[in-house]
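Here are the chains, one letter per residue:
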There are 2 protein chains.
Amino acid sequence: MLKVPQHQVAGHMAKNGVLGPLVDDSGKFYKPLQNNDRGSTELSFYTSLAVPPSISSFFPAFHGTAVVPASDGSGPHTHLILQDVVAPYTNPSVMDVKIGSRTWHLAHSEDYIAKCMKKDRDSSTVPLGFRLTGVKDSVSSWEPSRTFLQSLSAEGVSLILRKFVSSAADSDRSDCDFAAEVLGAVLERLVELKAWFEVQTLYHFYSCSVLVVYEKEKGKTKPLVKLVDFAHVVSGNGVIDHNFLGGLCSFINFIRDILQPLPH
Amino acid sequence: MLKVPQHQVAGHMAKNGVLGPLVDDSGKFYKPLQNNDRGSTELSFYTSLAVPPSISSFFPAFHGTAVVPASDGSGPHTHLILQDVVAPYTNPSVMDVKIGSRTWHLAHSEDYIAKCMKKDRDSSTVPLGFRLTGVKDSVSSWEPSRTFLQSLSAEGVSLILRKFVSSAADSDRSDCDFAAEVLGAVLERLVELKAWFEVQTLYHFYSCSVLVVYEKEKGKTKPLVKLVDFAHVVSGNGVIDHNFLGGLCSFINFIRDILQPLPH
């Protein structure tokens, strides 16, 4: 039985007959394969992915493809079968962060580059090196609009990050401890990811997101950091992904600033 | 007595009546102050520069301004008086690397952004995150053309870096040791600089260069890493300079690859 995912915060959503991802009750996520370069790029990325074991945990598990009924009612459609990374959570809080100050690469068409450039300049992508593309608190149902999120200032991002990890209830000391614990765990994973990006020259990840997931109910499932969306991955050709790395470092610095408020 | 610098590798040169920098014999470098935003930006950068002591060594010392005869014969002109960083060297080898995959920022004019975008895409700036803007070996007089340098591939940059640190004579074991020693010293400084860029949110350095200087004659002056050209520095506003940091990490990775050849 395939159904519409409850905790998706970015990308096309399978609502009102639109083509979007589906999930089953065994923890699988069915992502419609796009009928263009993006589809083939993402499929070949997943089929050929070769990273150190410590790094593979940053990617959703891949279980091949399947032709299943499309969410838009258009009949059978090929889907990537991926790990549904939020499946272990009861009430996941989810944040999708598109990393990099540039979402295009040189092999893209002029039209596509111009479109991306405009969006990158109009959003926080150029100034901050990333943009928040979706945030959701499944306990309080807090879900700021995507348009609002994408063009936040530095101060705005900082506020959203604080709110994302604070409890839905009023903040008391124990909530602060929990928020720091969540952010600390996320930071630790992001720093591991950064160490890989400082040396890996296999892939350049354009328009790729870091997905942050945690459970508000204390003591339950650990926070999670995953990379998602590989429709614009290109070969690194011996060069590190300085665009992703720069944006990741910027995002890391926002989290570090919240954890360790210091004059600067 | 002001004269034309012997070891300048990038920027406008004071030759054939062009307005360019001058040096004196006391170790000072006179940079003509531009009569526009760039001039005022660079002057205010130097006058208000406030960085930790360990970081100030990455900047040329600043000694105010002076009105001296311009190199183009146009009469008295205001110059920034800076430290002539190559003065302690007898035969300096010099490399100028413009760091960042973007040389413009959002406050620039549309015309300027379009001009930079074209140059960034046509050079190694977008693909590699930096471009070599000048290289000179004062012993062998090797000085590749700037046009050639700016659009090098990853392999090309790697070759130039190797040649930059190899002796003018045939390479023997002792030359390799010396080259590794020079690159190791440069790498160490770049890694110190990177650590600062991972946290500093004071400045964003657009179109700024890392200058690498060393002496071929063994045992003499130590290699040097300096930041130069601050005509397009803007306030960081609480955000790290992800553009400079990404490019710096990319440049660091090229040097590390040469020092520690590993399969990847």
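Within any chain, residue numbers begin from 1 and follow the written order of that chain's sequence. The naming scheme follows written order: chains are lettered A onward, ligands numbered 1 onward. Restriction of local features to residues with pLDDT of at least 70 applies here, the model being predicted, together with a cutoff of 80 or more for giving and counting side-chain atom pairs; totals for whole chains, interfaces and linings are based on all residues. Values reported for side chains reflect all heavy atoms of the structure, with hydrogen atoms and water molecules removed beforehand.

What follows is about the interface of chain B and chain A. Interfaces are often sized by the amount of accessible area the parts lose when they come together. Contacts: residue pairs with any heavy atoms within 4.5 Å of one another. Taken together, the 31 residues of chain B in the interface contact 31 residues of chain A. Summing both partners gives a buried area of about 2600 Å² for chain B against chain A, and 58% of it is carried by carbon and sulfur. Of all residues in chain B, the largest losses of buried area upon contact with chain A belong to Leu106, Arg121 and His242 of chain B, amounting jointly to 22% of the total for that side. The term salt bridge refers to a side-chain nitrogen of Lys or Arg lying within 4 Å of a carboxyl oxygen of Asp or Glu. The interface formed by chain B and chain A contains four salt bridges. Think of a polar contact as two N or O atoms within 3.5 Å of one another; within protein, one of them needs to be a possible hydrogen donor and the other a possible acceptor, and neighboring residues in sequence only count if both atoms come from side chains. Linking chain B to chain A there are 12 residue pairs in polar contact (both at pLDDT 80 or more). Labels follow the DSSP assignment, with helices taken as runs of H or I lasting at least four residues and strands as runs of E lasting at least two, numbered in each case from the N terminus. Of all the secondary-structure elements, those providing two or more residues to the side of chain B that touches chain A are α3 (110-122), α4 (125-128) and α8 (242-259) of chain B. At eight residues, α8 of chain B tops the list of elements feeding residues into the side of chain B that touches chain A. Defined in terms of a 1.4 Å probe, buried area is the accessible area two parts forfeit on being brought together, summed over both.

Residues and elements named next belong to chain A. For the purposes of this description, domain bounds are those given by an automatic or database domain assignment. Taken domain by domain, chain A holds domain 1 (22-83) and domain 2 (92-259). Here the C-alpha centroids of domain 1 and domain 2 sit 21 Å apart. Across the contact, 18 residues belong to domain 1 and 17 residues belong to domain 2. Carbon and sulfur atoms make up 62% of the area that domain 1 and domain 2 hide from each other, which totals about 1500 Å². For the domain 1 face of the interface with domain 2, the top three residues by lost area are Arg38, Phe45 and Phe58, together amounting to 41%. At the surface where domain 1 touches domain 2, the tally comes to one salt bridge. Residues Lys31 and Asp229 are paired through a salt bridge, measuring 2.8 Å at the closest nitrogen-oxygen approach. In this assembly, domain 1 and domain 2 are joined by seven residue pairs in polar contact (both at pLDDT 80 or more).

Residues and elements named next belong to chain A. Note on pairing: two strands pair once DSSP finds at least 2 bridges between them. On the basis of which strands lie adjacent, the open sheet formed by four strands has the order β6-β5-β8-β9 and antiparallel pairing. Looking at the sheet topology across the chains shown, the edges are occupied by β6 (130-137) and β9 (224-228). Adjacent strand axes in the sheet meet at a mean angle of 20 degrees when their direction is disregarded. Two strands pair when backbone bridges link them, and strand β5 (residues 92-99) and β6 are joined in this way by seven bridges, in the antiparallel orientation. Counted as the bridge partner of Ile99 is Phe130 from β6. Lines fitted to the C-alpha atoms define the axes, with helices restricted to the stretch that makes contact. Angles between their N-to-C directions range from 0 to 180 degrees.

For helix α6 (residues 154-165) of chain B, which comprises 12 residues, the first-to-last C-alpha distance of 17 Å matches the rise-based estimate of 16 Å (1.5 Å per residue) to within 8%. Within the sequence span of α6 of chain B, burial applies to Ala154, Gly156, Val157, Ser158, Ile160, Leu161, Phe164 and Val165 of chain B. Expected span of a helix, by definition, is 1.5 Å for each gap between consecutive residues, and there is one gap fewer than residues. When accessible area is computed with a 1.4 Å probe and restricted to protein chains, residues below 20% of their type maximum are described as buried, those above 50% as exposed, and intermediate ones as partly exposed.

Residue and element names in this part refer to chain A. Its place among the elements puts Ser209 in strand β8 (residues 209-215). Side-chain polar atoms of Ser209 contact the side chain of Asp96, separated by 2.7 Å. Look past the residues within four positions of Ser209 in its chain and what remains in contact with it is Asp96, Val97, Lys98, Thr133, Lys226, Leu227, Val228 and Asp229.

What follows concerns the relation of the copies chain B and chain A. Overlaid copies result from least-squares superposition on C-alpha atoms, with residues included only where pLDDT is at least 70 in both. Rotating chain B by 180 degrees and moving it 0.0 Å along the rotation axis overlays it on chain A with an RMSD of 0.0 Å. Interpreted geometrically, this transformation is the action of a two-fold axis. Across chain B, the rotation axis passes nearest the C-alpha of Gly246 of chain B, at a separation of 2.2 Å. Comparing interface residues between copies, 100% of those in chain B also lie at the interface in chain A; the contact surface is shared.

A complete count under the given rule lists 18 salt bridges over all chains for this structure. Where Glu198 of chain A meets Lys194 of chain A, a salt bridge forms, and the shortest distance between an N and an O atom there is 3.3 Å. For the residue pair Glu198 of chain A and Lys194 of chain A, the accessibility class agrees, reading buried in each case. Put simply, Glu192 of chain B and Arg189 of chain B hold a salt bridge, and the shortest N to O gap is 3.0 Å.

Moving on to the pairing of strand β2 (residues 28-32) of chain B. All names here are of chain B. Most of β2 sits inside the fold, with four of its five residues counted as buried. The pairing of strand β1 (residues 22-23) with β2 spans two bridges and is classified as antiparallel. The residue bridging Val23 from the neighbouring strand is Phe29, located in β2. Hairpin connection from β1 to β2: four residues lie between these consecutive antiparallel strands, with Gly27 at a positive phi of about 90 degrees. With five bridges joining them, β2 and strand β4 (residues 76-83) adopt antiparallel strand pairing. Residue Phe29 lies in a different strand from β4, and its bridge partner there is Leu82.

The subject of this paragraph is the packing of helix α3 (residues 110-122) of chain A against α3 of chain B. The description of two helices packed together rests on the angle between their axes and the distance between the axes. Interhelical geometry of α3 of chain A versus α3 of chain B gives an angle of 125 degrees and a closest axis separation of 14 Å. In terms of axis orientation, α3 of chain A runs oblique to α3 of chain B. Read as a crossing pair, α3 of chain A and α3 of chain B show a hand that is right-handed. Contacts between α3 of chain A and α3 of chain B pair Glu110, Ile113, Met117 and Arg121 of chain A from the former with Glu110, Ile113, Met117 and Arg121 of chain B from the latter. For the contact of α3 of chain A with α3 of chain B, the residue count by class is four nonpolar, no polar and four charged. If an angle is under 35 degrees, it is roughly parallel; if it is over 145, roughly antiparallel; if it lies from 65 to 115, roughly perpendicular; otherwise it is oblique. Take the far helix as your reference; a near helix turned counterclockwise from it by less than a right angle gives a left-handed crossing, and one turned clockwise gives a right-handed crossing. Amino acids outside the nonpolar list (Ala, Val, Leu, Ile, Met, Phe, Trp, Tyr, Cys, Pro) and the charged list (Asp, Glu, Lys, Arg) are all regarded as polar, and Gly is one of them.

This paragraph deals with the sheet that holds strand β3 (residues 62-69) of chain B. All names here are of chain B. Taken in spatial order, the four strands of this open sheet run β1-β2-β4-β3, and their pairing is antiparallel. Either end of the sheet is taken by a strand with one partner, and the two such strands are β1 and β3. Two strands pair when backbone bridges link them, and β3 and β4 are joined in this way by six bridges, in the antiparallel orientation. Each bridged residue has a counterpart across the sheet, and for Val68 the counterpart in β4 is His77.

A separate point is the state of the cysteines. The term disulfide is used for any two cysteine sulfur atoms that are within 2.5 Å. Under the defined criterion, the tally for this structure stands at zero disulfides over all chains. The structure places no disulfide on Cys249 of chain B, whose sulfur is separated from the nearest cysteine sulfur, that of Cys249 of chain A, by 5.9 Å.

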